[in-house]
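Residue-level listing of the chains:
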Amino acid sequence: MQDLKDKVAVVTGGASGIGRGICRALAEDGARVVVADIEVGRAEDVAKELQESGAEAIAAACDVTDPASIAAVVDKAYDTFGKVNILCNNAGVHVSGRARHMTEGDWDWLMNVNLKSIFTAVRTFLPRMLESGEPMHIQNTASEHGVGLPDLGRAVGYTASKHAVVGFSEVLRAENAKYNLEVSVLCPGLVRTDIYDSARNRDEASYGEGQRIAKEVGEPAMADGMHPDTAGRIAVDGIRDNDPFILTHPYIREFVDRRYQQVSAALDKADARNLTVEQSGRHYR
Ligand SMILES: NC(=O)c1ccc[n+]([C@@H]2O[C@H](COP(=O)([O-])OP(=O)(O)OC[C@H]3O[C@@H](n4cnc5c(N)ncnc54)[C@H](O)[C@@H]3O)[C@@H](O)[C@H]2O)c1
């Protein structure tokens, strides 16, 4: 979607960090922006800032884990602007640590905010977007953790959720290509945001050790992170170029290469077995 002028964009998690950077870049390029977030006060601040810069923007209260709340954002966007062209499913949370550090509450929270919310938002937004005949783009925020295995913070639940976001996005793009729906998956490396303080939006009772590790290990590393406005600009340039994958940092290559070397070695081993069709079954494409 090369021209963003007067397009309408909804950004979840738009009140902070990468989401706020995406909102700023969208507004800079002429889009009208719905800043949707569970932190309503901060979302209003971002909407106000965009308005003051000359853009059209509103805030919308949104808990992405609540289907009714997502439906209310759809209504608000259509009531205010009459259409939605771009949906950025960016809201996300982080828990660090190994499997043994995590509670069931950690796991459910990660999967609900990072993954299931995207499924719900797509099911809720897409029918109306498809009806409109307008240009459409859905961008889902995954992570470097969705394409490789970064050294920082062995975050087993977070990584699982972000791998799933990558897979979901790839299939969504393939299955909707004939409807001209563009889909991208944003895989940022380290960006200087409030992600390691995700617990601020969480019921304290279900914390596991991983939440503490996120704060202890993650927060000090943040000083070296990319500026969130740079990440937001890269994300929006990826929308304009209809890129399937948007990776923010060159260093991610090392993690991706390391992973695919292992996959490639496994395929070499599969070749070497020289199985007959009877033994292996027929492959499909
Ligand atoms: N910061 C990084 O280094 C990094 C790297 C890779 C991927 N990401 C991903 O980027 C996305 C944005 O995170 P960030 O780093 O900007 O963190 P952040 O904490 O600064 O921003 C996350 C936003 O999501 C909102 N949010 C949390 N739970 C919500 C819910 N239930 N409903 C609605 N909004 C909710 C928060 O209020 C916040 O505004 C996340 O999906 C995260 O996993 C971040």
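That block above? That's the structure.
Calculation notes
- Residues numbered from 1 in each chain as written.
- Predicted model: local features only at pLDDT ≥ 70, side-chain atom pairs only at ≥ 80, totals over all residues.
- Heavy atoms only, no water.
- Helix = DSSP H or I, 4+ residues; strand = E, 2+ residues; numbered from the N terminus.
- Rg over C-alpha atoms; globule rule 2.2 N^0.38 Å.
- Buried < 20%, exposed > 50% of the residue type's maximum accessible area, 1.4 Å probe, protein only.
- Contact = heavy atoms within 4.5 Å.
- Areas by Shrake-Rupley, 256 points an atom, 1.4 Å probe, with all protein chains shown as cover.
- Lys, Arg positive; Asp, Glu negative; His and termini not counted.
- Charge placed at Lys NZ, Arg CZ, Asp CG, Glu CD.
- Pairing = 2+ DSSP bridges.
- Right-handed = clockwise from strand over helix to strand, strands pointing away.
- Near = heavy atom within 4 Å.
- Polar contact = N/O pair within 3.5 Å; in protein donor to acceptor, adjacent residues only side chain to side chain.
- Nonpolar A, V, L, I, M, F, W, Y, C, P; charged D, E, K, R; others polar.
- Core = buried A, V, L, I, M, F, W, Y, C linked by side-chain atoms within 4.5 Å.
- Salt bridge = Lys/Arg side-chain N within 4 Å of Asp/Glu carboxyl O.

A. Molecular detail of the overall build of the protein chain. Tallying secondary structure elements over the protein chain gives nine helices and seven strands in all. Computed over C-alpha atoms, the radius of gyration of the protein chain comes to 19 Å, within 12% of the 19 Å expected from 2.2 N^0.38 for 285 residues, which places it in the range of a compact globule. Each principal axis of the C-alpha atoms in the protein chain carries an extent, and together these give about 65 × 45 × 35 Å. When burial is assessed residue by residue, the protein chain has 50% of its 285 residues classed as buried. For the protein chain, long-range pairs separated by at least 24 residues make up 74% of all intrachain contacts whose partners lie at least 6 apart in sequence. When the accessible surface of the protein chain is split by element, carbon and sulfur atoms take 50% of a total near 13,800 Å². Side-chain charges of the protein chain comprise 32 positive and 42 negative groups, with the mean position of each set lying 4 Å from the other.

B. Layout of the pairing of strand 2 (residues 32-37). Among the six residues in strand 2, six count as buried, and that is most of the element. Both strand 1 (residues 8-12) and strand 2 contribute to a ladder of five bridges, which runs parallel. Within the sheet, the bridge partner assigned to Val10 lies in strand 2 and is Val34. The parallel pair strand 1 and strand 2, bridged by helix 1 (residues 17-28), forms a crossover whose chirality is right-handed. Note on the crossover from strand 2 through helix 2 (residues 40-52) to strand 3 (residues 57-61): the handedness is right-handed.

C. Region of interest: the site of the ligand. Within the structure, the ligand sits among 30 residues, and Ser16, Asp37, Tyr158, Val191 and Thr193 are positioned closest to it. One of the side-chain nitrogen or oxygen atoms of Tyr158 is found 2.6 Å away from an oxygen atom of the ligand. Residue Gly189 places a main-chain N or O atom 3.4 Å away from an oxygen atom belonging to the ligand. In isolation the ligand exposes 820 Å². Once the protein is present, 97% of that is buried. Listing elements by their share of the shell around the ligand, those giving two or more residues are helix 1 and helix 5 (156-176). In terms of residue class, the shell around the ligand is made up of 14 nonpolar, 10 polar and six charged.

D. Representation of the nonpolar core in the model. Core analysis: the largest hydrophobic core is formed by 44 residues, its most contacted members being Val10, Val34, Val73, Val84, Phe125, Met129 and Ile138. If one sorts the elements of this core by residue count, helix 4 (residues 104-132) sits on top with nine residues. By size, the runner-up hydrophobic cluster in this structure holds 31 residues, among which are Cys23, Leu26, Ala47 and Met226.

E. Just the pattern of salt bridges, in detail. Evaluation of the coordinates by the stated rule reveals 15 salt bridges. Between Lys5 and Asp6 there is a salt bridge, with the nearest N and O atoms lying 4.0 Å from each other. With a shortest N-O distance of 3.0 Å, Asp237 and Arg233 are connected by a salt bridge. Highlighted residues: Asp237 and Arg233, both in helix 7 (residues 228-240), separated by four residues, approximately one helical turn. A relative accessible area of 32% means that Asp237 is categorised as partly exposed. Connected through salt bridges with shared partners, the residues Glu28, Asp29, Arg233, Asp237 and Arg240 form a single ionic network.

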